[in-house]
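# Structural overview
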Amino acid sequence: MIISSANDYRKAAKRRVPPFMFHYADGGSYAEHTLQRNVSDLSDIALRQRVLKDMSNVNTEIELFGEKLSMPVALAPVGALGMYARRGEVQAAQAAEKKGVPFTLSTVSICPIEEVAPAIKRPLWFQLYVLKDRGFMKNALERAKAAGCSTLVFTVDMPTPGARYRDMHSGMSGPYKEIRRVLQSMIHPFWAWDVGIHGKPHTLGNISKYVGKEIGLDDYIGWLTENFDPSISWKDLEWIREFWDGPMVIKGILDPEDAKDAVRFGADGIVVSNHGGRQLDGVLSSARALPAIADAVKGDIKILADSGIRNGLDVVRMIALGADACMLGRSFVYALGAEGGAGVENMLDIFKKEMRVAMTLTSNEKISNISRDALVDLSKL
Ligand SMILES: Cc1cc2nc3c(=O)[nH]c(=O)nc-3n(C[C@H](O)[C@H](O)[C@H](O)COP(=O)(O)O)c2cc1C
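As a starting point, this report considers the structure included with it. Computed from a prediction, not measured in an experiment: that's the story for all the values here.

Further remarks concern the packing of aromatic side chains. One pass over the structure, following the stated rule, counts eight aromatic pairs. Seen in terms of ring centroids, Y129 and F228 are 5.1 Å apart; in terms of plane orientation they differ by 85 degrees. Their pairing is edge-to-face. Of the two residues, Y129 is situated in strand 5 (residues 125-129) and F228 in the loop between helix 11 (217-227) and helix 12 (234-241); the sequence distance between them amounts to 99 residues. Residues Y129 and F228 agree in their burial class; the two are buried. In this structure, R278 is placed above the aromatic ring of Y24, and the distance from its NZ or CZ to the ring centre is 4.9 Å.

Right under this line is the structure:
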C-alpha cells in the first residue's frame, strides 16, 4: 500500500491490526461527535497564504521544558501500544528519539518503564493517572524518577471512564470477546505473528509489576474502572508535587478557568485536550477550546494541545490558535500498527515536511513567529 500521509497509515493499520485493537484506537466515546469535530474543526480553519517574503530559512525547532525538539510535537501517552506492534512502546520511543521529539509513556503501557527507558538516551516523559491506590501512584513516580524520566504528564480528564460503544461491537469488550479476538487474530496473520506470538507478555507492565500479578488485557478495563478516582481535586496534585520536582504538565484542560487554576497551582504546562474524543462526547473540540485558553494563560504556562491533529498543517493551526506545542495520538498509533517503529519515523518525517510547507506559505520562518495572523478570520469575510 502506498503511504503518503497519516490518513494512509489509518487505512494500512485497519488492514493489519485485528478489529478489537484497531477500533480501540480509532473509536471515541458515545456517538463520537467530539471525536469527529476534533478533526473537522481543525481542518476547517483557513490558513492565510502570504508570499514573497524569503522563506529560505524555515526552522521547525523549539525548546520546551529545557529540551530541544526538532519540531513542536511530542508523542501523546497511549495505553497498550504493545498491542499494535511487538513491544510497541519501545519501538515508538526509539522512533521519537531518532526524530528528535519526546515520547510519553502511559501508565497503562504494555512495556514497563524499566523496559522502555534504557532503550533510548533521550529522557522519557511519563504519564500518570489519578488512581484510588495512592501507593501505586507513589511507586510509579519513584520508578519514573529512578528511570530518569524528565517530564510528568498528569492526566486529569479521567476521574471516571467515558463509555466507548465501539469496543462492545469490536470484541474489545462485550459478549464472546475472547473467542472473537482469537478468530480476528487468525485472519490477521502478520499481527498474530508479530504481536500475538512474539510480543508477549501482553500484560500492563507498570501495573503488573506493582500488584505482583499479571494484569492482562481482559482485566485492563475492569482494573481501570475500579481504580479511577472521582474524588480527585487540586489537593491531590499538591500531594504529587511533593514526589516530583521536574516539569509537571496537566493534561485534559478544556476551560480557561481550569487553565488559570493550573497556573495558580504552579504547573509548568497544560495539555488542552478532550482525550481525543474518548471521554465526554459533546464537549468542545480542542481547536475551539484553545483560543480562549490561550487568551487567559498564554505566557504564564506552556500550552500543549492535542485531539484531532492528523497532519503538519494541523500542528501549524494549533500553534496559530495559541499552543506552544502539540501532542500526537492516533496519527502515530496508526503508523505503529501499520509498520512498527519505521512507520512512526516516516509519519514524523511527513509531519515535518507538511509543517515546513505550511510555514513557508504562511510566511513564518520560525515557530515563535506563528500567531493568529497565520489564519484567515472567516467571520470577517
Ligand atoms: C488508543 C488510545 C489510548 C490512549 N491512552 C491514553 C492514556 O493511557 N493516557 C492518557 O493520558 N491519554 C490517553 N489517550 C489520549 C491521548 O493521549 C491523546 O489525548 C489523544 O489521542 C489525542 O487525540 P488524537 O488521537 O485525535 O490525536 C489515548 C488515546 C488513544 C487513541
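Attention now goes to the side chain of S185. Relative to the helices and strands, S185 resides in helix 8 (residues 177-186). Under the relative-accessibility criterion, S185 is labelled buried at 16%. Not counting residues up to four positions away in its chain, the partners in contact with S185 are F20, W191 and A192.

It is worth spelling out the pattern of salt bridges at this point. One side chain can pair with another of opposite charge once the charged atoms of both are near each other. Across all of its chains, the model carries 20 salt bridges by this definition. The partner of R166 in a salt bridge is E32, with the nearest N and O atoms 3.0 Å apart. With R166 in helix 7 (residues 165-170) and E32 in the loop between helix 2 (19-26) and helix 3 (33-43), this pair connects stretches of sequence that are 134 residues apart. The class for R166 is partly exposed, based on a relative accessible area of 23%. The exposure class of E32 is buried, given its relative accessible area of 11%. The shortest N-O distance in the salt bridge between E115 and R87 comes to 2.8 Å. Taken together, the positions of E115 in helix 5 (residues 113-116) and R87 in the loop between strand 3 (73-75) and helix 4 (88-98) put the pair 28 residues apart, joining distant regions of the chain. With a relative accessible area of 28%, E115 lands in the partly exposed category. Shared partners join several salt bridges into a network, and the residues in it are R10, D26, E32 and R166.

Core analysis: the biggest nonpolar cluster contains 131 residues, and M21, F103, I270 and F332 have the highest contact counts within it. No other element matches the 14 residues that helix 16 (residues 330-361) contributes to this core.

Around the ligand lies a shell of 22 residues, among which P77, S106, Y129, T155 and D306 are the nearest. Between the ligand and K251 there is a distance of 3.0 Å, counted from an oxygen atom to a side-chain nitrogen or oxygen. The separation between an oxygen atom of the ligand and a polar side-chain atom of D306 is 2.6 Å. The set of elements that each furnish at least two residues to the shell around the ligand consists of helix 2 and strand 5. Looking at the shell around the ligand, its residues break down into seven nonpolar, 10 polar and five charged.

In this section: unusual backbone geometry. Of the consecutive residues K200 and P201, the connecting peptide bond is found in the cis state with omega at 0 degrees. When you line up the elements, P201 lands in the loop between helix 9 (189-197) and helix 10 (205-211). At Y176, a position not held by glycine, the phi torsion is positive, near 55 degrees. Within the secondary structure, Y176 is located in the loop between helix 7 and helix 8. Residue Y176 is classed as exposed on the basis of its relative accessible area of 66%. The backbone of H275 sits at a positive phi, close to 60 degrees, despite the residue not being glycine. Relative to the helices and strands, H275 is located in the loop between strand 8 (269-272) and helix 14 (286-297).

To continue, consider the packing of helix 6 (residues 134-146) against helix 12. Two quantities define a packed helix pair, namely the angle between the helix axes and the distance between the axes. Where helix 6 contacts helix 12, the axes come no closer than 11 Å and their chain directions differ by 40 degrees. Taken as axis vectors, helix 6 and helix 12 run oblique relative to one another. Two packed elements cross with a definite hand, and for helix 6 against helix 12 that hand is right-handed. Contacts between helix 6 and helix 12 pair R134, M137, K138 and L141 from the former with D236, W239 and I240 from the latter. A per-class count over the contact of helix 6 with helix 12 returns four nonpolar, no polar and three charged.

How each quantity is defined
- Residues numbered from 1 in each chain as written.
- Predicted model: local features only at pLDDT ≥ 70, side-chain atom pairs only at ≥ 80, totals over all residues.
- Heavy atoms only, no water.
- Phe/Tyr/Trp six-rings, centres within 6.5 Å; stacked < 30°, edge-to-face > 60°.
- Helix = DSSP H or I, 4+ residues; strand = E, 2+ residues; numbered from the N terminus.
- Buried < 20%, exposed > 50% of the residue type's maximum accessible area, 1.4 Å probe, protein only.
- Lys NZ or Arg CZ within 6 Å of the ring centre and 35° of its normal.
- Contact = heavy atoms within 4.5 Å.
- Salt bridge = Lys/Arg side-chain N within 4 Å of Asp/Glu carboxyl O.
- Core = buried A, V, L, I, M, F, W, Y, C linked by side-chain atoms within 4.5 Å.
- Near = heavy atom within 4 Å.
- Polar contact = N/O pair within 3.5 Å; in protein donor to acceptor, adjacent residues only side chain to side chain.
- Nonpolar A, V, L, I, M, F, W, Y, C, P; charged D, E, K, R; others polar.
- Axes fitted to C-alpha atoms, helices over the stretch in contact; angles between N-to-C directions.
- Parallel < 35°, antiparallel > 145°, perpendicular 65-115°, else oblique.
- Left-handed = near helix turned anticlockwise from the far one by under 90°.

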